[in-house]
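Now for the letters of each chain:
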Amino acid sequence: MPNPMSPDEPTPLRLRVGDGVVDLATREILMPEARGPRRVTPKAIGVLRMLARVPGAVVGRHELLSEVWRDTMPTDDVLTQAITQLRKAFGSGAGGAEVGKRYIETIAKGGYRLTVPVEVIAQDPATPGASGIPTDLDDHAERASLPAVSKPPRTSAGRHRWLLAFAALVLVALGGVGLWTTFEAMRVTADVTAGSPGPSPVSLPYRLITNAAGFELSPSLSPDASMIAYSASGVGDATRQATIMVQTTSSAAPRPLSRPPPGARDDLPAWSPDGREIAFARWEASGACRVLLIPAAGTGDEREIARCDGSDLLSFGWLPDGKGLLFGTMTGAGSETRLRILDPVSGRWRSLDYPGAAGDLDYAPQVSPDGRWIGFIRNPQMGDLWRVPVDGGIPEQITHLGSEFRGWSWAPDGNAMVFGLRVDSEARLYLAQIDDGTVLDLGIEDAQTPSISPVNGMMAFVHRRPQFGLYRVDSESAEWRRLFPSSGRDSQPTLSPDGQQMVFTSDRAGRFELWWARLDAPDSLRPIEGVRPDTRQPPIWSPDGRHLLVTALDDANAPMILEIEPDSGSVERLSIPAERPAQAEYGPDGTMFVIEGAGKTGGTALVAYERQTWTPKGRIADVSQVRFDAASSRLLYTRLDASGLWTVPPSLDSNAVIRLSDSTPSRWRYRSWSLNENGSIAYLDVQPSCRSRMSQFRIVDEHLEEGESVCVDPVVYSATNGFSVDRAVWFLSLASEDGSDIGFMALPPPRVHQAGLIKWLIHMRKKAS
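Everything in this summary refers to the structure shown in the same document. A quick note: this is a predicted structure, and the numbers were derived from the prediction, not measured.

### Describing the overall build of the protein chain
If you tally the helices and strands in the protein chain, you get 8 helices and 56 strands. In the protein chain, which comprises 769 residues, the share counted as buried stands at 54%. For the protein chain, the share of sequence-separated contacts (at least 6 apart) that also reach a separation of at least 24 residues comes to 46%. When the accessible surface of the protein chain is summed, it comes to about 32900 Å², and 52% of that surface belongs to carbon and sulfur atoms.

Written as structure tokens, this is what we have:
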């Protein structure tokens, strides 16, 4: 019997590999009881094709590299990464990571071997999608296998011709937004794959138009999307110096536009509507901040148009007529809490008149393509998208997510807003519809900070795929040791009060989970089943170290609070009477403190509940994170509306609130502090000469007194969503691999609507034929 995966046989569309189903066209692997299919890279699917041709036999590393990475000079690392991806995908089901490791065996000094049987899944015309992975190719495969149809009866000929004409008109109309292109690409892929003797080329929906080592950030497209400006900094540069670069969107070599002095960082380029000038911000080593204007052609001098000294989250964009720059809330010197417009010629400022709370920070304002609205993010660290009429008025909240936003841009028609959002261990791009606030996934992984041309709908975005590992750092001996190594993204290391247990979040097994281990027994490492943690807040241990409070997401992606007993794996959902709980903390005498969403008004509130009856006993508005200091019987907390640290008794008596600091932690690093058992506070931040700096503070006479600061690493970034301290030992999540590039593509239609429309079009074509 011939091998169905032999190069001499037509390549099938779907395979059953062990208990999993592999869709070769879409590169998706579905395991039993997995949350959904896992998509792997084209190279990973190429490796799997070669292993599946000879299941049970060893395929050498050299053979895999020369076949899958032909005409290149690859290193062994790329093959290792592909194998890791496949193992994660095969380990995403009920069996966990061990299944993935068992499916693909490493042969020392040899190569790899697929240990499970492989069979082709026949495509049944009567039951499209028989593989269990629903894709839009199902309908095409069915259509391709249908026999020729004789001429229809005369009574239905007119109706069929009408259906054909109507479907054709719809295809023409939708072609402008790329749906027909998507459909045809899928059709061609299916046809080529079905008749191909080997691996079919499968490409990503975008191109990376930058490829230098280091970081390319803050993309801004020229009006016609033919050019792009961005901020670029080198890898390993402790000074964080950055330059504004300009290039075409066809992957041409970039040229430097700005001329930063030593140690300065140029960022936030914004292309003027006529394409002639670019505004950008410069942070100098001295701490000064300036907004500058420079000709886009690079033929003139830089010109200062505004100061931004002390501003910790600057944002601005052009008005459609090019006669003004629209600024978000500016903190620091000359702090302004509302959107303002600057005339770059006269230097005059004009405030926009609209209501809002005193502490709101309105970020990244942009005028809609029709010129009627200004969109912005309110409180981006735990915020939402809003819009306000361009001449001022009542602001309107578009989303109700209370999440960490990573940039946004208007869709070309002005009826939707495209934004980046931190989800699980990555950032993704989403689209929010203005009319009803519906949020749809655009299907682009590791993507943030979109910039969309209103002229033609082309989109640039930052593609960043860092790998974070957990490290134990002894500040006294300077000894470093990595904990629980993996190829995944490990973060939020949370140490138990006795220093013996640790939990952390990770995607190391192919899905985002909460992991637990005893530090003296590494073999005890395991995921806690049924928990999908919310990365906005780290877990909280009970004082006796037996239980955990974890903010998690349910099947509808709604936040909830779970109480977990790691030893037994017991998981209980707490019946907290809050619609969107963000964090919970154990308190004294049966009290539980909960940070929850404040409803449609936005913001948050810290509420003290009596746990037996869930009766609220006290409340403080706009709290972003809370810790209970049992030794001093007090709460320490940060706020959304300002930098600093506050303390209050467990009763949450507002008259007893004391502000310990007006600068530390900053409002943007509200999760980057940790309470030591001796009552001291550790704070992890970024400085111009150090990308991961740890500072120690003590509370003395009702204020925060700074002690020693140590540069943990001058060039490596730390995760910002939690760490632990145990006296002089720190448990941190640091980037083991990092960097970013700029992606470029046509704005895709939302995945949900795309699938439905394509299937409807196929259905119409079948009926018409």
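There is more to say, and it comes next.
### Some remarks on the sheet that holds strand β52 (residues 690–700)
Strands belonging to one sheet form pairs held by backbone hydrogen bonds; the direction of such a pair is parallel or antiparallel. Across the sheet, which stays open at both edges, the 4 strands sit in the order β50-β51-β52-β53 with antiparallel pairing between neighbours. At either margin of the open sheet sits one strand with a lone partner, and together these are β50 (673–675) and β53 (703–713). Sheet twist, expressed as the mean angle between neighbouring strand axes with direction ignored, is 25°. For strand β51 (residues 681–687) and β52, the ladder comprises 6 bridges, and the chain directions are antiparallel. Looking at β52, one finds that D685 is bridged to R693.

### Some words on empty space enclosed by the protein
Summed over all chains, the structure comprises 2 cavities of 30 Å³ or more. Taken as a whole, the second largest cavity holds about 30 Å³ of empty space. Tallied by class, residues from the lining of the second largest cavity come to 7 nonpolar, 1 polar and no charged.

### Thoughts on the packing of aromatic side chains
To describe a pair of aromatic rings, you give the distance between the ring centres and the angle between the ring planes. Here the structure, examined in full by the defined rule, presents 14 aromatic pairs. Geometrically, the ring pair formed by F419 and Y430 is stacked, given 6.0 Å between the ring centres and 25° between the ring planes. Here Y430 lies in strand β28 (residues 426–433) and F419 lies in strand β27 (residues 416–423), a separation of 11 residues in the sequence. Classification of F419 by relative accessible area gives buried; the value is 0%.

### Observations concerning the sheet that holds strand β13 (residues 255–256)
The antiparallel open sheet is built from 4 strands, whose spatial order is β10-β11-β12-β13. The sheet is open, and its two edges are formed by β10 (215–221) and β13, each paired on a single side. In terms of strand pairing, β10 meets strand β11 (residues 227–233) through 5 bridges, oriented antiparallel. When the bridges of β11 are listed, L217 appears paired with S231.

### Section: the state of the cysteines
By the definition in use, this model includes 2 disulfides. Each disulfide pairs two cysteine sulfurs, and for C289 the partner residue is C308, the sulfurs being separated by 1.8 Å. Around the S-S axis, the bridge from C289 to C308 shows a dihedral of about -80° and counts as left-handed. Separated by 19 residues along the polypeptide, C289 in strand β16 (residues 289–295) and C308 in the loop between β17 (303–307) and β18 (316–318) bring together distant segments of the chain. Each member of the pair, C289 together with C308, is buried. At a sulfur-sulfur separation of 2.1 Å, the disulfide partner of C690 is C711. The chirality of the disulfide connecting C690 with C711 is right-handed, given an S-S dihedral of about 100°. Pair noted here: C690 is in strand β52 and C711 is in strand β53, with a separation of 21 residues, a long-range link. The exposure class of C690 is buried, given its relative accessible area of 3%. Sequence-ordered numbering of the bonded cysteines in the protein chain gives a disulfide pattern of 1-2, 3-4.

### Quick word on the packing of helix α2 (residues 61–68) against helix α3 (residues 76–90)
The packing of two helices is summarised by the inter-axis angle and the distance between the axes. The contact between α2 and α3 brings their axes to 10 Å, and the two run at 90°. Between α2 and α3, the angle falls in the class roughly perpendicular. Taking contact as the criterion, the partners of R61, L64 and L65 in α2 are, on α3, D76, V78, L79 and T80. Grouping the constituent residues of the contact of α2 with α3 by class yields 4 nonpolar, 1 polar and 2 charged.

### What about unusual backbone geometry?
The residue after T664, namely P665, is reached through a cis peptide bond having omega -5°. With respect to the helices and strands, P665 occurs in the loop between β49 (658–661) and β50. A positive phi angle, near 65°, is found at E33, a position not held by glycine. Within the secondary structure, E33 is located in the loop between β3 (28–30) and β4 (38–39). On the accessibility criterion, E33 (70% relative accessible area) is exposed. Although it is not a glycine, S633 sits at a positive phi angle of roughly 50°. Within the fold, S633 resides in the loop between β46 (623–629) and β47 (634–639). Taking relative accessible area as the criterion, S633 reaches 41% and is therefore assigned partly exposed.

### Description of the side chain of Q501
Within the element layout of this structure, Q501 appears in strand β35 (residues 501–506). At a separation of 2.9 Å, a polar atom in the side chain of Q501 contacts the side chain of W516. A distance of 3.0 Å separates a polar atom in the side chain of Q501 from the backbone oxygen of G545. When neighbours within four sequence positions are excluded, Q501 is seen to be in contact with T494, L495, S496, W516, A517, R518, W541, G545 and P566.

What counts, and at which threshold
Residues numbered from 1 in each chain as written. Predicted model: local features only at pLDDT ≥ 70, side-chain atom pairs only at ≥ 80, totals over all residues. Heavy atoms only, no water. Helix = DSSP H or I, 4+ residues; strand = E, 2+ residues; numbered from the N terminus. Buried < 20%, exposed > 50% of the residue type's maximum accessible area, 1.4 Å probe, protein only. Contact = heavy atoms within 4.5 Å. Areas by Shrake-Rupley, 256 points an atom, 1.4 Å probe, with all protein chains shown as cover. Pairing = 2+ DSSP bridges. Axes fitted to C-alpha atoms, helices over the stretch in contact; angles between N-to-C directions. 1 Å grid on protein atoms, 1.4 Å probe; cavity = no way out; pocket = protein on both sides within 12 Å on 5 of 7 lines; lining within 4 Å. Points joined across faces, edges and corners; volume = space filled by probe spheres on them. Nonpolar A, V, L, I, M, F, W, Y, C, P; charged D, E, K, R; others polar. Phe/Tyr/Trp six-rings, centres within 6.5 Å; stacked < 30°, edge-to-face > 60°. Disulfide = S-S within 2.5 Å. Parallel < 35°, antiparallel > 145°, perpendicular 65-115°, else oblique. Polar contact = N/O pair within 3.5 Å; in protein donor to acceptor, adjacent residues only side chain to side chain.

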